[in-house]
Every structure is written in structure tokens, then in C-alpha cells.
Amino acid sequence: MTITLEQLNAASAQDAARMLDGLYEHSPWIAERALQRRPFKSLAQLKHALVQVLAEAGREAQLALIRAHPELAGKAMVSKTLTAESTNEQTTSGLTNCSPEEFARIQQLNADYNARFGWPFILAVRGPRGTGLTRAEIIATFARRLENHPDFELAECLRNIHRIAEMRLADKFGFEPVLGNQVWDCAELLARHSDPGYAEQGQLTVTYLTEAHQACQVQLQRWMRDCGFDEVRVDAVGNVVGVYHGRDRNAKRLLTGSHYDTVRNGGKYDGRLGIFVPLVAVRELHRAGRRLPFGIEVIGFAEEEGQRYKATFLGSGAVTGDFDPAWLDQTDADGITMRAAMKAAGRPATLEAIRAERRDPARYLGFVEVHIEQGPVLNELDLPLGVVTSINGGVRYQCEVLGMASHAGTTPMNRRRDAAVAVAELAQYVEKRAASVPDVVGTIGMLNVPNGSINVVPGRCLFSLDLRATTNDARDALAADVLAELKAICQRRGLQHKVEETMRAAAAPSAPAWQQRWERAVEALGLPVFRMPSGAGHDAMKLHEVMPQAMLFVRGLNAGISHNPLESTTNDDADLSVRAFLHLLGQLDEELS
């Protein structure tokens with residue numbers, strides 16, 4: 001028998017506690033304390049109350065809760081003394097059907113984990129989609145988390161406990177995150193396309209205009225048509241564009257979307273989440289036969305990551321009219337120019353066609369973007385959504401230091417012109433300089449000694465610089481200091497250097513009116529409004545140059561890791577993001593009607 005919020009809110013304390021029995025393993029006190037905060041206007045608000053109760057309970061109570069849980073495939077499972085809820089969860093993931101080898105491996109991991117941390121390993125084995133992790137996924141996660149710091153692992157156990165409770169709560173209320181499931185399934189399906197060399201290893205890599213990239217274009221167009229978009233096309237640079245007309249086809253449009261290219265061996269949600277969410281929202285509008293007093297234009301931007309060419313925000317740059325003609329003559333690692341890649345992909349590869357993609361800002365209400373957080377903040381707070389206040393400004397460089405390659409055995413240390421050591425010295429400076437100022441970061445993410453050999457002093461070193469800050473002034477001060485230090489190091493060591501700026505993006509504060517719309521959408525879901533800056537760059541930074549913009553962040557799993565195969569989110573969090581997007585559309589409907 002399912003229950004409703006109305007029943008829960010109206011029930012006596014004893015009856016309400018009985019309704020929520022079994023949410024937390026042998027720990028009814030969590031639900032009992034949360035119920036003191038009734039009435040709840042949404043399941044999301046109830047979930048947050050449960051999170052708050054446990055956070056306020058203190059470490060000893062948290063440890064007691066963790067220790068109340070059974071081991072995975074442990075003695076309680078073998079003796080069939082698990083709670084009904086745990087039995088269902090371990091059965092769903094096939095832990096009751098382990099092979100002898102898998103069972104032995106899990107028993108060893110249980111022993112190692114308890115010896116290291118002093119509590120049982122906790123994992124929401126029904127997984128982010130709710131349909132169950134595979135035994136291989138469970139074992140891999142178990143082994144990986146054995147390496148965590150105890151404080152971090154304690155928090156990770158609690159986060160998994162809340163995820164377990166979230167799914168048990170959904171069972172009690174008969175709730176299924178249908179919209180979130182659609183988003184989650186889109187992420188899995190689109191991730192089937194990956195570049196050669198990575199696809200064979202089960203890794204996700206989609207760089208600009210490769211066959212995998214073009215396969216993503218085809219898939220996104222198919223989904224847009226299936227969702228009811230009136231116009232669907234691929235533009236001159238490979239952006240996938242879908243338009244859902246308003247009641248008046250000539251009305252202004254809301255622009256939204258994100259990028260579908262990825263970093264090498266990346267995750268399934270970076271950028272792509274911001275395409276799937278509005279697709280699902282438009283699908284809901286289309287199914288209801290609902291037209292708004294404005295149009296909705298969703299763009300899957302073809303390039304944002306700068307992986308194949310030294311061009312970043314290429315897709316959104318074409319939309320804002322900021323496409324650099326010099327990009328067409330850039331070459332990739334195989335010597336293929338961007339112009340040639342465009343032609344091979346069926347794009348016109350002419351400046352005239354690319355410039356024709358520039359949007360007239362007067363035709364748009366603004367730009368909104370939903371994005372996975374790509375950081376640990378929401379995950380640590382156990383909040384599913386965050387409202388972005390601003391996007392940090394950034395600048396990127398591709399650099400080269402030139403010295404003299406020489407014999408590693410015969411060249412004295414004081415006679416060397418070692419290019420790699422110079423870059424290593426610069427890396428230390430970048431770390432110290434960036435750490436000296438709040439909210440400033442600097443990274444040398446790529447470092448390469450071309451044709452290097454174990455017995456040769458490096459004569460050439462290629463490296464990248466990624467410098468970011470909350471304001472343009474702080475960004476520029478960091479860049480000036482780092483480049484001055486590079487010059488000084490090279491002069492002292494008798495080296496030459498080259499620096500090419502490949503990207504400069506201004507800090508992009510959210511437009512107040514649009515930020516407030518996101519805030520009202522979050523509040524309507526029964527969640528607290530958490531405001532936060534974005535340290536990562538996004539397509540919204542480019543759109544900010546020509547129209548008002550604001551972003552919504554969605555919590556990521558695994559400490560919010562991104563640009564990594566472990567990047568993930570849950571169907572429940574994805575569902576909330578779609579509902580927040582629909583609420584924002586509803587606000588605009590009321591304002592403009």
C-alpha cells in the first residue's frame with residue numbers, strides 16, 4: 001500500500017513513524033526526528049529533512065547508523081537475517097547469485113575494509129538508475145573506495161545511506177522519477193558513441209567532427225524530432241539545433257542547451273545533461289499539446305572542450321558571432337585542418353556560412369543552462385540542486401619551452417638546458433601563486449616531451465596553462481605573474497619559450513532576474529536555495545556576452561568528480577532538474593501571458 005504526503009502530514013506521530021519504518025537500517029529515530037518538521041510540501045523537502053537530522057546528530061550517531069548496516073554479501077545475507085529492504089536491494093544487484101570467486105573476493109574486501117575503517121562498507125547497490133548495479137560494478141567500487149581517507153569515506157557511506165533511504169522512500173510513496181529516467185537513459189545511449197582508441201577500452205571520448213561526434217549529431221536530431229520539436233537541423237559548425245515554437249512562431253525565444261563533445265576518457269553528463277533536460281521538458285509540453293508565449297531553442301553545442309583543436313567554445317562562439325577565422329587553419333594531432341575536418345563532415349567550412357549562424361540577441365529572452373556541478377560542494381552538502389551566481393573568468397595558453405637535447409650521461413648538471421625541468425619549476429610557481437589568493441586556480445594539465453627518451457636531456461617541452469579566477473582583474477593578475485615567471489625561468493636557464501593564447505573568457509555573473517527564476521524553481525520543489533559560483537567554464541560564458549544568462553547546477557556522485565568516467569548523477573536528481581526547468585518555463589509563461 002502506497003502512502004501520500006497528505007496522509008503523512010495528517011497522521012499522528014506514531015502512525016507517521018510507522019509509515020516511514022525501515023528507511024534507515026535499524027534506526028527509526030532519524031525519521032521520527034524529521035517528522036517533527038512537518039508539514040512537507042514535497043518528497044524532496046522530506047528527504048532534505050532526513051539529511052539534516054543525520055547531519056545534526058553528530059559523529060557517534062552517524063557511526064552507529066553505519067554499523068547498523070549489514071555487510072554486502074555477508075553473514076546476514078547467508079543466514080537470511082537481512083531486513084526485507086536489504087534483502088530486496090542485495091537481490092536486485094545479484095549479490096545472492098555470486099559465483100564462488102566473486103563471493104570470495106567480496107568477503108576479502110569486507111575484511112580489508114573493516115580492518116581499515118572499523119565499519120562496514122555501505123553502497124546503494126540499486127545504483128543511480130535504481131535498477132541495480134552489476135556485481136562487477138560493486139566489486140570495482142568496493143576496491144576503489146578502500147583507498148579513500150577515513151573522513152571522506154565516512155561521508156561517502158552517509159551519502160550512500162541517504163541514497164538507499166531515497167529509493168526506499170520512493171517505494172513507500174509509489175514514486176518513480178520518470179523524467180529523470182529519461183534523462184539518465186539518454187546519457188547512457190549517447191555514451192555508446194566514442195572515438196577510436198577509446199571505444200575499444202570502454203572509454204568515452206567524443207572530439208570535434210569525428211565519426212563518433214557525427215553519430216551524436218544524428219542521435220540528438222532523432223531525439224529532438226521524437227520530443228516534438230518543430231525544426232531540427234545541424235548548423236554550419238556542427239551544432240545540433242532544435243526549435244519548439246511558441247503560440248506565435250515569431251515570438252522571442254528562450255535559448256538553452258550545452259555541449260555534447262567530451263574530454264578524453266570523460267564522463268557522460270558534462271555538457272550533455274544541459275541538452276537532455278530541456279529535451280525532456282519540451283517532450284512534456286508537446287505531449288500535453290501546450291504552447292507557450294515564447295519559443296524554445298535548444299542547442300547541442302558541437303565543441304566546448306578544446307580537445308581536438310586549440311579552439312574552445314567554438315560552437316557557442318559561432319552563435320554569438322565570435323568565431324575566429326584563424327581556427328579554420330588550425331591542425332589536429334594528425335595534421336588535419338579544421339577546414340578539412342568540416343568539409344569531411346559535410347559542413348560548408350566557409351566563413352560566410354559560419355557567420356550566418358550568429359543569433360540576433362534581440363530575438364531572445366535570455367539563455368539558461370543546466371549543468372552537472374563538476375565539483376564536490378553539492379555532494380558534500382547532500383543537496384541535489386544549486387543556483388549559480390557567476391562563472392569564473394579564465395584564460396588558456398598552449399606553451400613551448402625550447403632548450404637543447406643532449407646525452408643524459410655525459411652532460412654535466414650545470415651545463416644542461418633542460419626544457420622539462422624549467423616547466424616543472426613553473427608548475428610549482430603556478431601552484432603557490434594560485435593558492436595565495438582565494439578562489440583563484442591554476443593548472444598545467446598537459447605536459448609533453450616530444451620524442452623524449454630515458455637517456456636524453458629534454459630539449460623541448462610542450463605544456464598547457466589554464467588560469468581561472470572569480471574576477472577578470474584577478475585572472476589577469478595571475479596570468480601576468482605566471483607568464484613573467486616563465487620568462488624569468490627561461491632567461492635564467494638559457495632557454496627560449498613560446499606562448500599562444502587559445503582562450504580568454506570573461507567572468508560571467510548571472511543576470512539577477514534569471515538567477516531569481518532558478519531560485520523560485522528550486523524553492524517550489526521544497527528545497528533550500530543554495531547559491532554558488534562556478535569554477536568551471538561553460539557555454540553560458542559565451543552567451544553572457546550578448547544576452548542575460550543564468551545556470552542551474554545538479555549534484556554529481558562520487559564526490560562530484562567530472563572529466564572522469566566516474567562522473568554520474570542519479571535519476572532522482574535529474575528528475576528534479578527537469579521539474580525545475582519546467583517551473584522556470586511556467587514562470588515565463590505567467591510573466592508573458
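Residues numbered from 1 in each chain as written. Predicted model: local features only at pLDDT ≥ 70, side-chain atom pairs only at ≥ 80, totals over all residues. Heavy atoms only, no water.

A.B. asks: Any chance you could break down the nonpolar core for me, citing the residues and the numbers?
C.D. replies: Of all hydrophobic cores here, the largest spans 79 residues; its most connected members are M338, M342 and W518. Among the elements that make up this core, the one with the highest residue count is helix α13 (residues 273–287) (9 residues). Among all residues touching M338, those that are not within four sequence positions of it are Y208, Y309, A311, L314, F323, W327, L328 and Q330. (Core = buried A, V, L, I, M, F, W, Y, C linked by side-chain atoms within 4.5 Å. Buried < 20%, exposed > 50% of the residue type's maximum accessible area, 1.4 Å probe, protein only. Helix = DSSP H or I, 4+ residues; strand = E, 2+ residues; numbered from the N terminus. Contact = heavy atoms within 4.5 Å.)

A.B. asks: Please give an account of the side chain of H538 that cites residues and values.
C.D. replies: Here H538 is to be found in the loop between β15 (531–534) and α21 (539–543). Only 2.9 Å separates the side chain of H538 from the side chain of S534, close enough to count as a polar contact. Engagement of the side chain of H538 in a polar contact is seen with the backbone oxygen of A536, the distance being 3.4 Å. (Polar contact = N/O pair within 3.5 Å; in protein donor to acceptor, adjacent residues only side chain to side chain.)

A.B. asks: Summarise helix α22 (residues 571–592); cite the residues concerned and give the values.
C.D. replies: With 22 residues, α22 extends 32 Å from end C-alpha to end C-alpha; this agrees with the ideal 32 Å at 1.5 Å per step. Extensive coverage of α22 is indicated by the burial of 16 of its 22 residues. (Expected span 1.5 Å × (residues − 1).)

A.B. asks: How would you sum up the packing of helix α18 (residues 419–435) against helix α19 (residues 472–493)? Please name residues and give values.
C.D. replies: Where α18 contacts α19, the axes come no closer than 10 Å and their chain directions differ by 150°. The pairing of α18 with α19 is recorded here as roughly antiparallel in orientation. As α18 packs across α19, the resulting crossing turns out to be right-handed. Residue-level contacts link V421, A422, E425, L426, Y429, V430, R433 and A434 of α18 to A477, L478, D481, V482, E485, L486, I489, R492 and R493 of α19. Here the residues of the contact of α18 with α19 sort into 11 nonpolar, no polar and 6 charged. (Axes fitted to C-alpha atoms, helices over the stretch in contact; angles between N-to-C directions. Parallel < 35°, antiparallel > 145°, perpendicular 65-115°, else oblique. Left-handed = near helix turned anticlockwise from the far one by under 90°. Nonpolar A, V, L, I, M, F, W, Y, C, P; charged D, E, K, R; others polar.)

A.B. asks: Before we move on, could you go through the pattern of salt bridges and cite the residues and values that matter?
C.D. replies: Under the counting rule described, the total for this entry stands at 42 salt bridges. Across the pair D572 and K47 runs a salt bridge whose closest N-O atoms are separated by 3.5 Å. Pair noted here: D572 is in helix α22 and K47 is in helix α4 (residues 43–57), with a separation of 525 residues, a long-range link. Side by side, D572 and K47 carry an identical accessibility label, which is buried. A salt bridge links R359 to E297, with the shortest nitrogen-to-oxygen separation between them at 2.9 Å. Of this pair, R359 sits in the loop between α16 (351–355) and β5 (364–372) while E297 sits in strand β4 (residues 295–301), placing them 62 residues apart in sequence. You can call E297 buried: its relative accessible area is 1%. A single salt-bridge network, built from bridges that share partners, covers R233, R253, E297, E357 and R359. (Salt bridge = Lys/Arg side-chain N within 4 Å of Asp/Glu carboxyl O.)

A.B. asks: So what about the packing of aromatic side chains? Which residues, and what values?
C.D. replies: Taken as a whole and judged by the stated rule, the model has 9 aromatic pairs. Summarising the aromatic geometry, the rings of Y113 and F142 are spaced 5.9 Å apart at their centres and angled 75° between planes, so their arrangement reads as edge-to-face. On the criterion of sequence distance, the pair formed by Y113 in helix α8 (residues 100–117) and F142 in helix α9 (residues 135–145) is long-range, its members being 29 residues apart. For the pair Y113 and F142, one class covers both residues: buried. Measuring from ring centre to ring centre gives 5.6 Å for F117 and W119, while their planes differ by 25°; the resulting arrangement is stacked. Just as F117 is buried, W119 falls in that class too. (Phe/Tyr/Trp six-rings, centres within 6.5 Å; stacked < 30°, edge-to-face > 60°.)

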